[in-house]
Amino acid sequence: MKKKFIPYGHQWIGQDDIKAVVKALKSDWLTQGPLIKAFEDAVCKYTGAKYAVAVANGTAALHVACLAAGLGRGDEGITSPITFVASANCMALCGARPVLADIDPDTLNIDPGEVEKKVTERTKVLIPVHFTGRPCDMERISLIAKKRNIKVIEDAAHALGSQYRSGGRWMKVGSCEYSDMAILSFHPVKHITTGEGGMVLTNNKEYYEQLMIYRTHGITKSQDLLRNTDEGEWYYEMQKLGLNYRITDFQCALGIEQLKKLERFVAKRRELVKLYGDLLAGSDKFTLVKEPQDTRSSYHLFVIMLKNPDIRKQVYREMRSKGIGLQVHYVPVHLHPYYTDTFGYRHGDYPNAEKYYRAALTLPLFPAMTRKDAEYVVKTLNTAVKKHE
Ligand SMILES: *Cc1c(COP(=O)(O)O)cnc(C)c1O
């Protein structure tokens, strides 16, 4: 019998999810209905943010957030080289230059000290990424930003459900306590899914209004925002150059049901990470990232580093042949041909990111995974490492 394939991530869809989507499909609205606002309100309630704007995907969320922050030609933004390309692409899409600041090898997150070195008078946004779910040092990042009137947009695509302690208080990622905006992704491998989907969170009403406008072609019908108020009730105005980044009502029906399960999903992810940690503790072949006392990660990903990176290709292939969907997160942004061609980045520009990348492996992690699956992953991994060393 062929063994089942264990992917690195996978959605969890229950009967209640299916029921909610079917109900939405039978309603009068497919897109732009009442469930969009209901989903936005539910995520606000969960994270503690004041406003939310649901959009077509996480990449769209990053794009409209940059537009709302006023990012444009001649500006610069700073993000991490160890992230999904969308965290940097959103700046390039606005005509700005994506600048990268190297990671801290202990946290794998952007190093605030490196950010400080990269700030110039053109820097308009900082986009810290809570890599794997581990919260960045937001207090420090917000201090750097405030000194120069730079806007902070948290890429929280990995971190819905993560928490950190600051000033004695536990806060959820997405509360925007130390940022102007935060973005989420609801891609199926993320914590909760709407198929495709994303969201921008903010505590600032002006950003909220701008985000709403950018989500739908740059158009507003809001009486408070219209420049020309002499027209009739049909009247709408296009005030900015926006896109159609709307999400559908039936996707939000799914999102609302998924959110109800988030705490259970996070608990299961943390339980599996603890098990992985215990199973790998005896081995001297890997480096694991520790969780500090003042953060609680929701673990979108579980990454390890091989002490001997030279065997990674073989280990990867061997694990795949045994039905285990290892991944590598991520190819550093600056090494992609678009970035070398367009912005002149080179090998060697971000040594910590490159060193991490050479050794990195992502092990499977998702709520439907069993303890047996995790044990099989580690057993197979140990065997593969031994074989190829
Ligand atoms: C998934 C992801 C995104 C983009 O989200 P999509 O919904 O796939 O567009 C952005 N940033 C990071 C760090 C991600 O992991």
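Residue indices follow the written sequence of each chain, beginning from 1 at its first position. Under the rules for a predicted model, residues below a pLDDT of 70 receive no local features and side-chain atom pairs below 80 are neither given nor counted, while totals for whole chains, interfaces and linings still include all residues. Excluding hydrogens and water, the side-chain values take into account all heavy atoms of the structure.

**Some details on the site of the ligand**
For the record, the criterion: Residues are classed as near a molecule or strand on a simple rule: at least one heavy atom within 4 Å of it. Pairs of N or O atoms are called polar contacts if they sit within 3.5 Å, as long as, within protein, a hydrogen donor faces a hydrogen acceptor (for residues adjacent in sequence, only side-chain-to-side-chain pairs). Only the protein chains shown count as cover for residues, and the accessible areas themselves come from Shrake-Rupley with a 1.4 Å probe. Under the scheme applied here, ten amino acids are nonpolar (Ala, Val, Leu, Ile, Met, Phe, Trp, Tyr, Cys and Pro), four are charged (Asp, Glu, Lys and Arg), and all others, including Gly, are polar.
For the ligand, the set of nearby residues contains 15 residues, the closest of which are Gly58, Thr59, Asp155, Ser185 and Lys190. In this structure, an oxygen atom belonging to the ligand sits 3.0 Å away from a side-chain N or O atom of Lys190. Here the ligand loses 92% of its free accessible area of 380 Å² to cover by the protein chains. Split into classes, the residues belonging to the shell around the ligand amount to 5 nonpolar, 8 polar and 2 charged.

**Re empty space enclosed by the protein**
Note the cut-off: Put plainly, a pocket is an open set of points on a 1 Å grid over the protein atoms alone with protein on both sides within 12 Å along at least five of seven lines, a cavity is a set where a 1.4 Å probe fits but cannot get out, and a lining residue has an atom within 4 Å of a point. Grid points are joined across faces, edges and corners, and a volume is the space filled by probe spheres set on the points.
Inspection of every chain in the model, using the stated rule, returns 2 cavities of 30 Å³ or more. Its volume calculated, the largest cavity comes out at about 40 Å³. Residue lining of the largest cavity: His10, Gln11, Trp12, Pro188, Lys190, His191, Ile192, Thr193, Gln258, Phe265, Arg269 and Pro367, and that is the complete set. Considered class by class, the residues forming the lining of the largest cavity number 5 nonpolar, 5 polar and 2 charged. Lining of the second largest cavity is provided by Ala156, Ala157, Leu160, Leu184, Ser185, Phe186, Lys190, His191 and Ile192.

**Some details on the packing of aromatic side chains**
Our working rule: Ring pairs shown here join Phe, Tyr and Trp side chains whose ring centres sit within 6.5 Å, with only the six-membered ring taken for Trp; geometry is labelled stacked below 30 degrees between planes, edge-to-face above 60, and tilted in between. In this description a helix means any DSSP run of H or I spanning at least four residues, a strand means any run of E spanning at least two, and both kinds are numbered starting from the N terminus. The buried label applies to any residue whose accessible area, calculated with a 1.4 Å probe on protein chains only, is under 20% of its type's maximum; exposed applies above 50%, and partly exposed to all values in between. We count a charge as sitting over a ring when the NZ of a lysine or the CZ of an arginine lies within 6 Å of the ring centre and within 35 degrees of the ring normal.
The final tally for this structure, using the stated rule, is 12 aromatic pairs. Between Tyr339 and Phe343, the aromatic rings sit 5.5 Å apart at their centres with planes inclined by 35 degrees, giving tilted as the arrangement. Highlighted residues: Tyr339 and Phe343, both in helix 10 (residues 337-343), separated by 4 residues, approximately one helical turn. Just as Tyr339 is buried, Phe343 falls in that class too. Feature note: the residues Phe84, Phe131, Tyr330 and Tyr356 constitute an aromatic cluster, connected by ring pairs. Geometry around Tyr46 places Lys172 over its ring, the cationic atom sitting 4.5 Å from the centre. For the cation-ring pair, Arg312 lies above Tyr357, with the distance from its terminal atom to the ring centre recorded as 4.9 Å.

**A word on the sheet that holds strand 9 (residues 198-202)**
Two orientations exist for strands paired in a sheet by backbone hydrogen bonds: parallel and antiparallel. To keep things clear, this is the line we draw: Being paired, for any two strands, means DSSP has found at least two bridges between them. Each axis is a line fitted through C-alpha atoms, and for a helix only the stretch in contact is used; angles between axes span 0 to 180 degrees, taken between their N-to-C directions. Between two residues, a contact is recorded if the distance between any of their heavy atoms is within 4.5 Å.
Pairing in this open sheet of 7 strands is mixed, and the strands run 1-9-8-5-4-2-3 from one edge to the other. In this open sheet, the two edge strands, each paired with only one partner strand, are strand 1 (51-55) and strand 3 (97-100). Across this sheet, the average inter-strand angle for adjacent strands is 25 degrees, counted without regard to direction. Pairing geometry for strand 4 (residues 123-127) and strand 5 (residues 151-155), over 2 bridges, is parallel. Counted as the bridge partner of Leu126 is Val152 from strand 5. Along the sheet face, helix 3 (residues 58-68) touches strand 1, strand 4, strand 5, strand 8 (181-185) and strand 9 and points at about 165 degrees away from the line of strand 8.

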